[in-house]
Amino acid sequence: MSNYNTFNSNAEGGVTPAIINTNVETEALLGDTEREGGVTPAIINTNVETEALLGDTERDVSVTRKMNTNRQENQNPVSWLQITMNFAIHGLLLIFTIYVIYVSFSQGAFLFSWHPTLMTVGYAIFMTEAILSFSENNLLARNRNFKWRVKYHWILQAIGGASVAAGFIIILTNKFINEKSHFQTNHAIVGLVTIIVTALVAAGGIWTKYSYDLREYLRPVYAKLIHAALGGAVYILAVTALILGMNSDFFERYSFSSAKWVGGFILILTGVYILTKPLTTCIARFKTAFMRASL
Ligand code: HEM
């Protein structure tokens, strides 16, 4: 129970204890939009193991949740392992991105050069950082409150989305200009699917932000879970599209011979690091939500 703050959240009544998990990755799936008209803050369980310990009382109060979105999230001291992993992951993605940009412009600044550049910057830098905004391992965000992280997440996703949209328009325009047919390769097809799902996730993010107001159509907890699950799917698709992009004739011709293997290794390694925690949390929350629904 070391990462849980247990305190009395009902100051006036002094009756209802609240147990709040300080794990922000989990809170990202709940947030204050899970408030469902309740007035009394009650027990908030954002962890399945804890739920098993708490039993029935907690399930009964699931309709009256409230999160303190302004509190400091992580008071635990940062470990050397976290610092090292942080620099390693960011460093590897930065090296990968700089190399893709270098190869893209190595033959001159053509319209096409901007496609790999903007796609890589959009996904490998901005969207990665946006996902990491909820991670306890993120040195920049770990001591910030939930509200700050949501804003940071939004801004980074918006910049990443704009970069991806520009990269997509550029490759379409480039193909029109050169009168080439569209969506013929594996990279092009996976890339198109990635962009469509990215647009859906962006719309889902807006829904999630206003999920409390939209609760009569979909419970906020489901809106958040769907957004998180699809966000994970987009990341996996983007990594696949990037790896297939490195298998394109263009990249093979102008990069060093094992660049696609090194690049693929970096993307898979960093992808596993970035997605493991959010996805396991998401699966646990799905289980809890369905268990509650079937009670
Ligand atoms: C997640 C990132 C990426 C996405 C979503 C993406 C998406 C796309 C799409 C949808 C097309 C097809 C356009 C059409 O047929 O009209 C395309 C084409 C292309 N992309 Fe990407 N791309 C990404 C990253 C990259 C990277 C990193 C490279 C190179 C290193 C690259 C190289 C190419 C090339 C050479 C083409 C033209 C040939 C083809 O259609 O396969 N792309 N991309």
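Thresholds applied
Residues numbered from 1 in each chain as written. Predicted model: local features only at pLDDT ≥ 70, side-chain atom pairs only at ≥ 80, totals over all residues. Helix = DSSP H or I, 4+ residues; strand = E, 2+ residues; numbered from the N terminus. Buried ≥ 20, exposed ≤ 12 C-beta atoms within 10 Å, placed from the backbone. Contact = placed C-beta atoms within 7 Å. Near = placed C-beta within 6 Å. Nonpolar A, V, L, I, M, F, W, Y, C, P; charged D, E, K, R; others polar. Core = buried A, V, L, I, M, F, W, Y, C linked by C-beta atoms within 7 Å. UniProt positions renumbered as here; feature names shortened; annotations may be inferred. Expected span 1.5 Å × (residues − 1). pLDDT = per-residue confidence, 0-100. Axes fitted to C-alpha atoms, helices over the stretch in contact; angles between N-to-C directions. Parallel < 35°, antiparallel > 145°, perpendicular 65-115°, else oblique.

1. Describing the overall build of the protein chain
And then number 1: Helix and strand counts for the protein chain come out as ten helices and two strands.
And then number 2: The order of helices and strands in the protein chain, counted from the N terminus, is β-β-α-α-α-α-α-α-α-α-α-α.
And then number 3: For the protein chain, the residues scored as buried account for 34% of the 295 residues in total.
And then number 4: Nonlocal contacts in the protein chain, meaning residues at least 24 apart in sequence, comprise 73% of its contacts between residues at least 6 apart.

2. Some words on the site of the ligand
And then number 1: Close to the ligand lie 27 residues, the nearest being H182, T185, A188, G191 and G245.
And then number 2: When residues of the shell around the ligand are traced back to their parent elements, those giving at least two are α5 (114-132), α6 (146-177), α7 (186-209), α8 (220-246) and α9 (249-254).
And then number 3: Among the elements that line the shell around the ligand, the one with the most residues is α7, at six residues.
And then number 4: Here the residues of the shell around the ligand sort into 16 nonpolar, ten polar and one charged.

3. Regarding the nonpolar core
And then number 1: Counting residues in each nonpolar core, the largest one holds 28 residues, and the members touching the most others are Y123, I131, V164, Y235, A238 and L242.
And then number 2: Mapped by element, the contributors of at least two residues to this core are α4 (80-104), α5, α6, α7, α8 and α10 (259-293).
And then number 3: Looking at this core, the element that brings in the most residues is α5, giving ten residues.
And then number 4: Each residue touching L242, except ones within four places of it in the same chain, is listed here: T120, Y123, A124 and L267.

4. Observations regarding the UniProt feature "transmembrane region" (unreviewed entry) in the protein chain
And then number 1: In the numbering adopted here, UniProt assigns the feature "transmembrane region" (unreviewed entry) to residues 114-134, 154-177, 189-210, 222-246 and 258-276.
And then number 2: The span residues 189-210 is 95% helix and 0% strand, and its two end C-alpha atoms sit 32 Å from each other.
And then number 3: Summarising residues 222-246: 100% helix, 0% strand, and an end-to-end C-alpha distance of 36 Å.

5. With respect to α4
And then number 1: With 25 residues, α4 should cover 36 Å at 1.5 Å per step; its first-to-last C-alpha distance of 36 Å lies within 8% of that length.
And then number 2: By the burial criterion, the buried members of α4 are L93, F96, V100, V103 and S104.
And then number 3: At its buried positions, α4 is contacted by α5, α9 and α10.

6. So, the confidence of the model for the protein chain
And then number 1: Averaged over every residue, the pLDDT of the protein chain is 80; residues scoring 70 or more account for 74%.
And then number 2: Scored below 50 in pLDDT, residues 1-23 shows 40 contacts in the model against residues more than four places distant or in partner chains.
And then number 3: With pLDDT under 50 throughout, residues 30-69 is counted as low confidence; its partners more than four residues away or in other chains account for 75 contacts.

7. Side note on the environment of L140
And then number 1: Positionally, L140 belongs in the loop between α5 and α6.
And then number 2: Placed 54 residues apart in sequence, L140 and N86 show a C-alpha to C-alpha distance of 9.9 Å.

8. Side note on unusual backbone geometry
And then number 1: Phi at E179 is positive, roughly 50°, even though this residue is not glycine.
And then number 2: Relative to the elements of secondary structure, E179 occurs in the loop between α6 and α7.
And then number 3: The exposed category is assigned to E179, around which 6 C-beta atoms lie within 10 Å.
And then number 4: At F183, a residue that is not glycine, the phi angle is positive and equals roughly 50°.
And then number 5: Relative to the helices and strands, F183 is located in the loop between α6 and α7.
And then number 6: The exposure class of F183 is exposed, given the 12 C-beta atoms found within 10 Å.

9. Here's the deal with the environment of I155
And then number 1: When you line up the elements, I155 lands in helix α6.
And then number 2: Separated by 25 residues in sequence, I155 and A130 have C-alpha atoms that sit 8.1 Å apart.

10. A few points about the packing of α4 against α5
And then number 1: Axis separation between α4 and α5 bottoms out at 9 Å; the angle between their running directions is 170°. Taken together, the axes of α4 and α5 are roughly antiparallel relative to one another. Together, L93, F96, T97, V100, I101 and S104 of α4 and P116, T117, T120, V121, A124, I125 and T128 of α5 make up the contact between the two elements.

11. Considerations on the environment of G271
And then number 1: Take G271: it is sitting in helix α10.
And then number 2: Residues G271 and Y235 lie 36 residues apart in sequence; the distance between their C-alpha atoms is 7.7 Å.
And then number 3: Residue contacts for G271: discarding those within four places in its chain leaves Y235 and V239.

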